[in-house]
Every structure is written in C-alpha cells, then in structure tokens.
Amino acid sequence: MAATTTKKRPAKSQSGPAPKKVKKTDIATGKPDTNTTKKAKRSIPVTLTTSPPNDSENTDDEDDWEDAEDDVDFDGQAVDDDNAMQVDSGEGKTSARESHIAQKVLQQSRKAAKPHSDLISEAKRVWALARSQSISANERKKHITELMNVVRGKVKLIVFKHDASRIIQTLVKYGGKAEREEICEELKGSYADSAKNRYAKFLLLKLIRLLPSHRADILSSFHGHVLSRSRLLLHREASGVLADAFELYANGAQRAELVKEFYGKEVALFSQKQEQDDKGKSPKGLIGVLETMGSDKEKKARVLAAVKENLISIFNNPDKGAVRHAIVHCATWEYLDVLGRTQDSDEDAAKEAEKLRRDLFENCAELLPEMVHTKDGSRVAREFLARGNAKDRKTILKTLKPHIERMCLDDEAQMVLFTAIDVIDDTKLLQKSVASIITTPNTLNTLVKSPQGRRAIIYLLIPRSRRYFTIAQIRALGDTDNARDGVGSTKQGNGESAMTTGDGTSKKSPEVRQEEVRRGASEALLTWVEEHGAELAREAAESLIIADIMLHAEGDKSSASQALLRGLTTPYPASSTSSASSPSSLSTPVHPLDLPHTSRLYKNLLQGGHFNHSLRTVEISPRWDSTTFAVEFVKIVGGDDGAVIKDMCTKGERNGSFVVAQLCEALVREDASSTQEVKDSREKLKRWLSTSETLKAIEEGEKDGAKGTKVLLDGIGKL
C-alpha cells in the first residue's frame, strides 16, 4: 500500500519570487484601509525571546489559507490527490483514479451529513470570490453583499466552526459598517462564549477593533466573567482576547470596570448606583471604591482581602499566562498603591499594610520578570524595590538577572533597573547583577543602537539626565524617592495632610550611591570606548554616548582619549565636497570631522562639557581634563608637521574649523595648567596655523561662505 501524503504549499524558495503585496482598500472609498494596514500589538514580556502570536489576528496566513476540506474529510482523514491508495482486490489492484473517486464520494457524503452543510458550502463558494486579492473595490463590495445575504441570521450557527469562522472574519474585515453592526447584533449575548472559542475569538477581536460604536457593549458583556462564572482571565483562549481588549482598545472607564472584578462580589453588587452618580468623572480605581466606604474599616478590609485572594489565585497559576497581562498588573498596582498610602499614615495601619504587602510579594516575587513590560507591572516591581528590605531586593535582582539585556531595551522594564540603581545600598550587588551585564562589550554594542539602550548605559554615569530622559520619565522615576528616603504624609487633627520624615528603606545618600555605581561601571565603559570609540564616533546617536562616557566616567582615560584621537589622523581625501550628512555621500570617503556629530563630539571634549542653551554657558564636567586632551590632540593628530590639523581648516566641509578653534581656546584658557607641555603644544599649533599659506587658505574659505572661519581666526590670534 502506497504511503498517504497530504498536499502542501511549496516553500517560498521553490515558488519563485514573492508577489507584490496588494494594499488593503476600503470597499466604500477604494482608498487604503487605515484599520487594516497597521494593527496595534500588546507589549511583549522580556522573558520571551521571540514575539508571541498576536491574539488580535488569526495566526494562519489568511491569504494563503486554502479549503482544508478539499484535502481532509470531516473525520480528519487525509485524502491524497496525487497518490491515491491502491487496494489489493485479490484478482488485481484498483486503479488510483477509481480509489480517488471513491474517497471523494465518501468525503462528500460525510460533509452532507454534517449540520448546516449546505449553508457552509454556499458560503464558501462566495467567500472564495470575496477574499480574492486581485479584484476591485466594487467587485469585492458585490461579493461581500452576496455573502452577507447567505449568512444573514445564521452567524451564530457557523462562527464557532473551524472551517467557517473565517467566512465571518472576511465579512468583518472587508465589509462596511452596516455588515459589521449586523454581525455584532447577531452575536449579542454570545460574546463571552466567542472569546473562549479557538476560532471565534479572532472574529470578536476584529469587531472590537473595527467597530468602536459597539466596543462598550462587547466589553460590558465581559462583566461578571473576568474572574467568576466563565473565568475568562484564566481561560486558555479567552485570556488573550481579554488582554488585547484591555490593553489596546478599552478606554479608562472601560478598563476600570474590568478591573473592578478583582475587588470582589460585594463591590460588584453594590457599585451600580455609584457608577450612575460618578458618570462622566474619571475613574479612581480601588482608591475611589475605598473612599466611598468612609470609615467602615471592616468593609475596606473585606475588599482588600478579595483583591489579594484574586491576585494570589492568578499568581498560583502562572501556566495560564494571565500573569503577563496588563489587567492583572493594573489590579496589582492599585492594591499596592492603597497599601503604600496606608503605610505612610498611622503606625498600626502601617504594620498591617506592610504585612499584606509582604504576603503579596512572597507570592509573586518569582513572577516579576513576567510583569515588568507594562507600565503598571513596572510600577509594581519598582514599589517592591523601593519598600523592600535588602533581602527582598536581592531576591528581585536574582529573578531579573537573566533578562537584564532585554529589560534595557524595553521602555517600561528599564525603569525597574533604574529604580534598583536608585534604591539598593549594596552597590557591589548592583555591579555584579546589573552593571557588569550592561557593560559587557557585546551588550554595549547592542544597547548603543537604540534610545532605550543608550538610556540604560548612561544611567550608570549620570542618572536622570535631561539629555536622555524626558520630564515625564524623570517624574516617574521620582515616584519611589519618598519611600527610599522615608518621606511620607500623616493626617492631622484638622483633616489636612502633613509631610513627615522617618527611616527610609535606603541608608546611603543618593550622591554616595551614584558615585559608587559610577566608579564600578567606568572601567568597563572606558575599555569599550578604547576598543570601539573611533568607529562609533562616526555615528550620530552613538557619538553622544561616547562623549558622555568620556566626560563623566571615572578613572584613567588616557588610553580611551588616544584611541579617539587616532581616529582623526586619517588624511583628508583628495576631494570631499559633497555634504557629509546626506545619504548620497555615504559612499564618498570623508574625514570624520566632516560629519557634524563627530566634530561636535571632539568640540565638547575640548571645551570640557556640553553647552547649556538655557544658561548660555558650558557645563564643565569635574571628571574631565580638557587641557590634557588638547595636549594629546596636538601630539597625536598634529604629528610632526600638523598637516591633518591644517587640513581640518582648509579642506572638506571645514567642520574642523570649530574643533581647531576650540583647541586653541583649550590651550590658552586661564585655568589651563601652565606646564611646559602645554606651552610646547601651544607653540606647535601657532607655528602650524600662522603660516601665510594656511592663513590665506582659511581666509579664502571665509569668502566662500565656510562656517567657523571667523571663530577660527580669533582663536589663532589668541595663541
């Protein structure tokens, strides 16, 4: 008997060049459909090395998906179109053609025996035409209308079937608002069941995304099913649907309603009147719910106990995947926020709040890496770091250590690392668990390519620098400062709050801690600059990091300085007239200083710091000696005859004029050391630049409109 095989699509390498993608169009206008060209995706946990499937869309390729029923019968038995089985009849073998016909007949009979087979067959016929990528908008509209007529009133009958769910998805995808609303109305009352179905869940998410007018109704149908009844949050299929709806499509009020199920049945039963009273107001979450209870401590305790119980039930089932979802992180943060506010009040309440916080920490400490990729999850981990003791912080770092590099590249997860650097007194532990991983050469080469990675690097040297962090990020990082420093608020007799100071969770001053972290990371960073600095200085963003490492790191910088300066000894090309900053010039050889960002790097090093545009002055770094760098500049770049330094002023884009002018300033600065080495460097530079030939070439550049010529001539005059 010949082996049975299933028909497969050819691999991409065997099917020739990939066809050009056809832009999705709106059937009403014929223009690109903005709803389908770009779809939002949930944030990815740092524990995953690859991006998980997006629950918003079917994981199969819809355009390549063929009718499985042509090759598989309803009982799952494969039918081979090319090599039909040959059956030994005793007198001879039945031909392959006859066997194939017999199996087709059997397959059709089985299909006909299934419920709604005629409906599905007719719908598939029209669906094959409607989903084609090679038809016009008008043709598609015609087929969509016909398909809607076929399935009208029968959507619930076929939407849960594996071979028919895609038909309704196509209607939602290419149909207009009327078709989408009609399908949504037919599914009304079955939204929760659709979320739990392996196939219908994709249709439900399409409706949530493409039909904002019904979004509130769909999300409200989940009320009472998130943690009770259907338990959508812990369901294998529905969990992703709920997570997408919460994180990507729900507004603030809708999110608050979904999170409210964590507060327990008591809140769910008696919150309807409060909702009507607060209609139009921004939701306050758990804090707002507790405020409505006034001074009823027992009722508040029952609500907090319900939140804790629901959270722990999720943390005790990590295999369900719910711990990764933003809705869980939101509820966890609301719970910790309430405990934090209580902890800053009277002593007895603070002890009880600390006990509850510790109970929660013990249940979720190992799961924190699964949470740090969302805003609320990151805030949860940061709260545990800020309010925890030394043992708690060590436990957190131990769980985060395998994921440090991925965390550095995530906007929210990296905030956890920054808070760890801000609050942990054991800087040797920080060096071992965080800084040593960030400062490995391979990791640095990866991090320096992205804004998030560059923030992670620079936080080791100058935390919360406005050159790398927005005001909002700095304010968010400051949220944990009060817990670290022991600053809180207490209620006075008149009901007003007063700020108080006490024992913080960290004993070292922020300045001492930053100094120790900087000292521990500097050696590896300077070694990296020595090995890769000259190359990275030619890149726009990377040059900023190189400058700040040189300006703010501690230790011997001579080797790194010399490596950077050796990158400038390259002779100027014979012709370098194209704009160095334009993409077309990348193939043209240019001197490093013809790149604006590179010349700015060396100028900043020669002037001793960055120029502050607000104060209109240079912020001098106390950990950098610009005079020593200027002397090395003359020695290494100038060589014996100063040819390269002269070319900086007379050839190429002449961006070097500003650098050489700053070099002159560095050697004649009042605070510069009057050592013989400085004097010799100044005399050399004056001899090279004061020749009539060099001055004439510089003045000709001024006539041609070259920038920096006047500043350069003034600098030469000061020598």
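**Quick word on the packing of aromatic side chains**
Reasoning step 1: Evaluation of the coordinates by the stated rule reveals five aromatic pairs.
Reasoning step 2: A centroid spacing of 5.6 Å and a plane angle of 70° characterise the contact between Tyr459 and Phe469, whose relative ring orientation is edge-to-face. Of the two residues, Tyr459 is situated in the loop between helix 25 (451-458) and helix 26 (471-477) and Phe469 in the loop between helix 25 and helix 26; the sequence distance between them amounts to 10 residues. Per residue, the accessibility class of Tyr459 equals that of Phe469, and both read buried.
Reasoning step 3: Linked through ring pairs, Phe418, Tyr459 and Phe469 together constitute an aromatic cluster.
Reasoning step 4: Over the ring of Trp127 we find Arg131; its NZ or CZ atom is 4.4 Å from the centre of that ring.
Reasoning step 5: Across from the ring centre of Tyr174, 4.3 Å away, lies the NZ or CZ of Arg140, which sits over that ring.

**Brief notes about the pairing of strand 4 (residues 617-620)**
Reasoning step 1: Sheet topology places strand 3 (residues 609-612) next to strand 4; four bridges connect them, and they run antiparallel. If you follow Phe611 over to strand 4, its bridge partner there is Val618.
Reasoning step 2: Taking the residues that link successive antiparallel strands as the turn, the strand 3-strand 4 hairpin has four residues, and the phi of Arg616 there is positive, at about 55°.

**Re the nonpolar core**
Reasoning step 1: With 175 residues, the main nonpolar core has Phe222, Leu233, Phe262, Ile327, Tyr602 and Phe633 as its most contacted residues.
Reasoning step 2: At 10 residues, the largest contribution of residues to this core is made by helix 17 (residues 326-343).

**Some details on the pattern of salt bridges**
Reasoning step 1: In total, this model carries 33 salt bridges according to the counting rule given.
Reasoning step 2: A salt bridge links Glu677 to Lys635; the shortest N-O distance between them is 3.6 Å. Taken as a pair, Glu677 in helix 35 (residues 676-689) and Lys635 in helix 32 (residues 626-638) lie far apart in primary sequence, 42 residues in all.
Reasoning step 3: With a relative accessible area of 44%, Glu677 lands in the partly exposed category.
Reasoning step 4: The exposure class assigned to Lys635 is partly exposed, which follows from its relative accessible area of 45%.
Reasoning step 5: The closest approach of N and O atoms between Lys710 and Asp714, which form a salt bridge, is 3.7 Å. Highlighted residues: Lys710 and Asp714, both in helix 37 (residues 709-718), separated by four residues, approximately one helical turn.

**A look at the environment of Leu601**
Reasoning step 1: Tracing the backbone through its elements, the reader meets Leu601 in helix 31 (residues 596-607).
Reasoning step 2: Expressed as a C-alpha distance, the spacing of Leu601 and Ala547, which sit 54 residues apart in the sequence, is 5.8 Å.
Reasoning step 3: Apart from the residues within four sequence positions on either side, Leu601 is in contact with Ala537, Ser543, Ile546 and Ala547.

**Observations concerning helix 4 (residues 137-151)**
Turn by turn, an α-helix covers 3.6 residues, leaving residues three or four places apart pointing in a common direction.
Reasoning step 1: Taking 1.5 Å per residue, 15 residues should reach 21 Å; helix 4 reaches 21 Å between its end C-alpha atoms and fits that length.
Reasoning step 2: Here helix 4 has its buried residues at Ala137, Arg140, His143, Ile144, Leu147, Met148, Val150 and Val151. End-on, the buried residues of helix 4 take up no more than an arc of 150°, which puts them together on one face. Exposed side chains of helix 4 directed beyond 90 degrees from the buried face belong to Asn138 and Lys142.
Reasoning step 3: Packed against the buried residues of helix 4 are helix 3 (117-130), helix 5 (155-158), helix 6 (165-174) and helix 7 (177-186).

**Comments concerning the packing of helix 19 (residues 375-387) against helix 22 (residues 413-423)**
Reasoning step 1: Where helix 19 meets helix 22, the axes come as close as 9 Å, and the angle between the chain directions of the two elements is 10°. Taken together, the axis directions place helix 19 and helix 22 in an arrangement best described as roughly parallel. Counting all contacts with helix 19, which are made through Ser378, Ala381, Arg382, Leu385 and Ala386, the residues of helix 22 involved are Met415, Val416, Thr419, Ala420 and Val423.

**Focus: the environment of Leu685**
Reasoning step 1: Within the secondary structure layout, Leu685 lies in helix 35.
Reasoning step 2: When its relative accessible area of 0% is taken as the criterion, Leu685 is described as buried.
Reasoning step 3: In the structure, Leu685 is positioned 43 residues away from Gly642 in sequence and 7.6 Å away in space, judged by C-alpha atoms.
Reasoning step 4: Those residues in contact with Leu685 that lie beyond four places of it in its chain are Ile645, Leu663, Cys664, Leu667 and Leu719.

**As for the environment of Arg131**
Reasoning step 1: Here Arg131 is to be found in the loop between helix 3 and helix 4.
Reasoning step 2: Here Arg131 falls in the buried class, since its relative accessible area comes to 15%.
Reasoning step 3: Considering only alpha carbons, one finds Arg131 and Ile144, 13 residues apart in sequence, at a separation of 8.8 Å.

Conventions we followed
- Residues numbered from 1 in each chain as written.
- Predicted model: local features only at pLDDT ≥ 70, side-chain atom pairs only at ≥ 80, totals over all residues.
- Heavy atoms only, no water.
- Phe/Tyr/Trp six-rings, centres within 6.5 Å; stacked < 30°, edge-to-face > 60°.
- Helix = DSSP H or I, 4+ residues; strand = E, 2+ residues; numbered from the N terminus.
- Buried < 20%, exposed > 50% of the residue type's maximum accessible area, 1.4 Å probe, protein only.
- Lys NZ or Arg CZ within 6 Å of the ring centre and 35° of its normal.
- Pairing = 2+ DSSP bridges.
- Core = buried A, V, L, I, M, F, W, Y, C linked by side-chain atoms within 4.5 Å.
- Salt bridge = Lys/Arg side-chain N within 4 Å of Asp/Glu carboxyl O.
- Contact = heavy atoms within 4.5 Å.
- Expected span 1.5 Å × (residues − 1).
- Arc of directions from axis to C-beta.
- Axes fitted to C-alpha atoms, helices over the stretch in contact; angles between N-to-C directions.
- Parallel < 35°, antiparallel > 145°, perpendicular 65-115°, else oblique.

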